[in-house]
Amino acid sequence: MTTLAEQLRAENLGKVLENEPLKHYTTLKIGGPADLFFEPDSTDSLKKAMRYIKDSGVPFRAIGRGSNLLVSDEGIEGVVIKLGDGLDELVQNGDEFTVGGGYSIVKLATVLSRQGYSGLEFSAGIPGSVGGAVFMNAGAHGSDMSKILKKALVLMPDGELKWYTNEEMEFSYRTSILQKTGGICVEAVLVLEKGDRETIMAELKKNKDYRRNTQPWNHPCCGSVFRNPLPNYAGQLIESSGLKGTTVGGAQISDMHANFIVNTGDAKAADVLGLISLIKKKIKELHNIDIETEVEIIGRKS
Ligand SMILES: Cc1cc2nc3c(=O)[nH]c(=O)nc-3n(C[C@H](O)[C@H](O)[C@H](O)COP(=O)(O)OP(=O)(O)OC[C@H]3O[C@@H](n4cnc5c(N)ncnc54)[C@H](O)[C@@H]3O)c2cc1C
Ligand SMILES: NC(=O)C1=CN([C@@H]2O[C@H](COP(=O)(O)OP(=O)(O)OC[C@H]3O[C@@H](n4cnc5c(N)ncnc54)[C@H](OP(=O)(O)O)[C@@H]3O)[C@@H](O)[C@H]2O)C=CC1
Ligand SMILES: C=C(O[C@H]1[C@H](O)[C@@H](CO)O[C@H](OP(=O)(O)OP(=O)(O)OC[C@H]2O[C@@H](n3ccc(=O)[nH]c3=O)[C@H](O)[C@@H]2O)[C@@H]1NC(C)=O)C(=O)O
């Protein structure tokens, strides 16, 4: 019988790898192998591949730049679909920009801010893709994707493409409807505002500097580990619980920002999970608050 890998290869739809270690594709530099790893070379190829994936009954998961993922050491069952260079076209129509789901959000912010378009200043230093940012409603400095997204083109698990308007995306803090429906964002239409180039560039720099001064941006990590249980801040609660600097194996609660866990070199997913459990337990004991993870924990359970 023809395997899914053979079908995808025969159709020439993009890169197909078996048992590919995911630590190469996550900013934490952690993660066991994907049974099958597929990087489509275009939206059309992805759409075709989705038919084979659907027919095979194998589970799938999209990833972008792997900056909000904790992948288990045992890896992921099924197909991991990486959106990258094959889905990184950018088309301008006045103040509307149609951009591929695999486009780097930092690159987009840099390129469009330089042209004097305002709206992406918040994203300075968010190392994600456009698709991942839409899925997460990524945000910082009082703004997020919901403020600039007009509509998103989503490849649904049934293989059909569907447009979602901003309202239909059901955006809220680090949340979108895609977290329920499981579709893949292949394209986003963003509306930006023409403004003063120098002011926009200065705002971009200010936001990047804030991050550099408050977050361990140059150590392997996955951004904030927990959502803020507003009106409290996860970082403040973890610090006041005396946990800054705590290590489990190769994972450490950052000395710089307590809501970041860094990989000090050879951390396993199990080490990071150990710290997450410890933090949840302490915050419950000391503050009676149940904090929720923001990082997506995926893959086989040990
Ligand atoms: C140093 C650092 C700083 C960060 N700062 C911020 C910040 O300020 N604000 C913030 O919000 N986040 C921040 N993050 C977290 C992360 O960058 C964002 O959540 C980002 O949007 C994730 O994008 P990604 O492409 O890396 O997604 P991935 O990590 O690859 O995937 C995350 C989730 O999105 C899904 N997904 C990915 N691509 C798609 C797609 N095309 N369609 C549908 N689903 C998809 C995946 O299945 C997964 O569930 C930070 C991370 C790091 C490492
Ligand atoms: N702590 C962690 O785990 C991690 C932290 N980071 C940090 O997050 C931030 C964002 O990282 P990342 O998303 O990788 O972004 P980068 O700044 O590394 O750049 C991402 C892409 O954007 C493009 N780009 C960057 N700057 C410009 C520019 N001035 N003009 C045009 N294109 C540009 C580059 O494209 P091209 O290839 O075409 O040049 C690059 O591939 C950085 O501060 C980085 O240090 C990133 C990854 C992990
Ligand atoms: C990094 C992420 O997003 C970040 C985003 O970059 C920044 C900037 O806008 O604001 C959020 O962090 P944050 O709430 O921790 O922001 P910060 O300004 O660093 O800290 C908030 C408060 O907690 C305090 N704080 C923070 C860290 C710490 O170790 N100790 C501490 O007391 C700070 O002093 C401040 O009073 C987002 N995190 C969440 C979970 O909402 C992400 O989502 O991955």
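Parameters at a glance
Residues numbered from 1 in each chain as written. Chains lettered and ligands numbered in written order. Predicted model: local features only at pLDDT ≥ 70, side-chain atom pairs only at ≥ 80, totals over all residues. Heavy atoms only, no water. Salt bridge = Lys/Arg side-chain N within 4 Å of Asp/Glu carboxyl O. Helix = DSSP H or I, 4+ residues; strand = E, 2+ residues; numbered from the N terminus. Buried < 20%, exposed > 50% of the residue type's maximum accessible area, 1.4 Å probe, protein only. Near = heavy atom within 4 Å. Polar contact = N/O pair within 3.5 Å; in protein donor to acceptor, adjacent residues only side chain to side chain. Areas by Shrake-Rupley, 256 points an atom, 1.4 Å probe, with all protein chains shown as cover. Nonpolar A, V, L, I, M, F, W, Y, C, P; charged D, E, K, R; others polar. Domains from an automatic or database assignment. Axes fitted to C-alpha atoms, helices over the stretch in contact; angles between N-to-C directions. Parallel < 35°, antiparallel > 145°, perpendicular 65-115°, else oblique. Contact = heavy atoms within 4.5 Å. UniProt positions renumbered as here; feature names shortened; annotations may be inferred.

## Examining the pattern of salt bridges
Argument step 1. Enumeration according to the criterion identifies 13 salt bridges in this entry.
Argument step 2. Put simply, Glu203 and Lys206 hold a salt bridge, and the shortest N to O gap is 3.6 Å. You can see Glu203 and its partner Lys206 sitting in helix H6 (residues 197-214), 3 residues apart, about one turn around the helix.
Argument step 3. Judged by its relative accessible area of 33%, Glu203 falls in the partly exposed class.
Argument step 4. As a salt-bridge pair, Asp209 and Lys205 come within 2.8 Å of each other at their nearest N and O atoms. One end of the pair, Asp209, and the other, Lys205, are both in helix H6, 4 residues apart, so they sit about a helical turn from each other.

## Observations regarding the site of ligand 3
Argument step 1. Neighbouring residues of ligand 3: 20 residues in total, closest Tyr173, Tyr210, Asn228, Glu239 and Glu294.
Argument step 2. Interatomic distance of 2.7 Å between a side-chain N/O atom of Tyr173 and an oxygen atom of ligand 3.
Argument step 3. Contact distances for ligand 3 include 2.8 Å between an oxygen atom and a side-chain N or O atom of Asn228.
Argument step 4. Calculation on ligand 3 without its partners gives an accessible area of 820 Å², and the protein chains cover 76% of this total.
Argument step 5. For the shell around ligand 3, the elements supplying multiple residues, two or more each, are H6 and helix H7 (234-240).
Argument step 6. Among the elements that make up the shell around ligand 3, the one with the highest residue count is H7 (3 residues).
Argument step 7. Taken together, the residues of the shell around ligand 3 sort by class into 7 nonpolar, 8 polar and 5 charged.
Argument step 8. Mapping the shell around ligand 3 onto the domain boundaries places at least three of its residues in each of domain 2 (88-214) and domain 3 (234-298).

## Points about the environment of Gly125
Argument step 1. Considering the arrangement of structural elements, one finds Gly125 in the loop between strand E8 (117-118) and helix H4 (130-136).
Argument step 2. As a C-alpha pair, Gly125 and Arg212 span 87 residues in sequence and 8.7 Å in three-dimensional space.

## Focus: the packing of helix H3 (residues 105-114) against H6
Argument step 1. Two elements in contact, H3 and H6, have axes whose closest approach is 9 Å; the angle formed by their N-to-C orientations is 155°. The orientation of H3 relative to H6 falls into the category roughly antiparallel. Here Ala109, Thr110, Ser113 and Arg114 of H3 lie close against H6, whose contacting residues are Arg197, Ile200, Met201 and Leu204.
Argument step 2. Tallied by class, residues from the contact of H3 with H6 come to 4 nonpolar, 2 polar and 2 charged.

## Observations regarding the UniProt feature "active site" (unreviewed entry) in the protein chain
Argument step 1. Summarizing the sequence annotation, UniProt attributes the feature "active site" (unreviewed entry) to Arg174, Ser224 and Glu294 in the numbering used throughout. The greatest C-alpha distance among the residues just named is 11.1 Å, despite their covering 121 residues of sequence, which places them together in space.
Argument step 2. In this structure, Arg174 sits in the loop between strand E12 (161-165) and helix H5 (178-181).
Argument step 3. On the basis of relative accessible area, Arg174 is assigned to the buried category, the value being 18%.
Argument step 4. With residues near it in sequence (within four places) discarded, Arg174 still touches Met136, Asn137, Ala138, Gly139, Gln179, Arg227 and Glu294.
Argument step 5. A polar contact is formed between the side chain of Arg174 and the backbone oxygen of Gly139, at a distance of 3.1 Å.
Argument step 6. Position of Glu294 among the secondary structure elements: in the loop between helix H8 (269-287) and strand E18 (296-298).
Argument step 7. In terms of polar contacts, Glu294 uses its side chain to reach the side chain of Arg174, at 3.4 Å.

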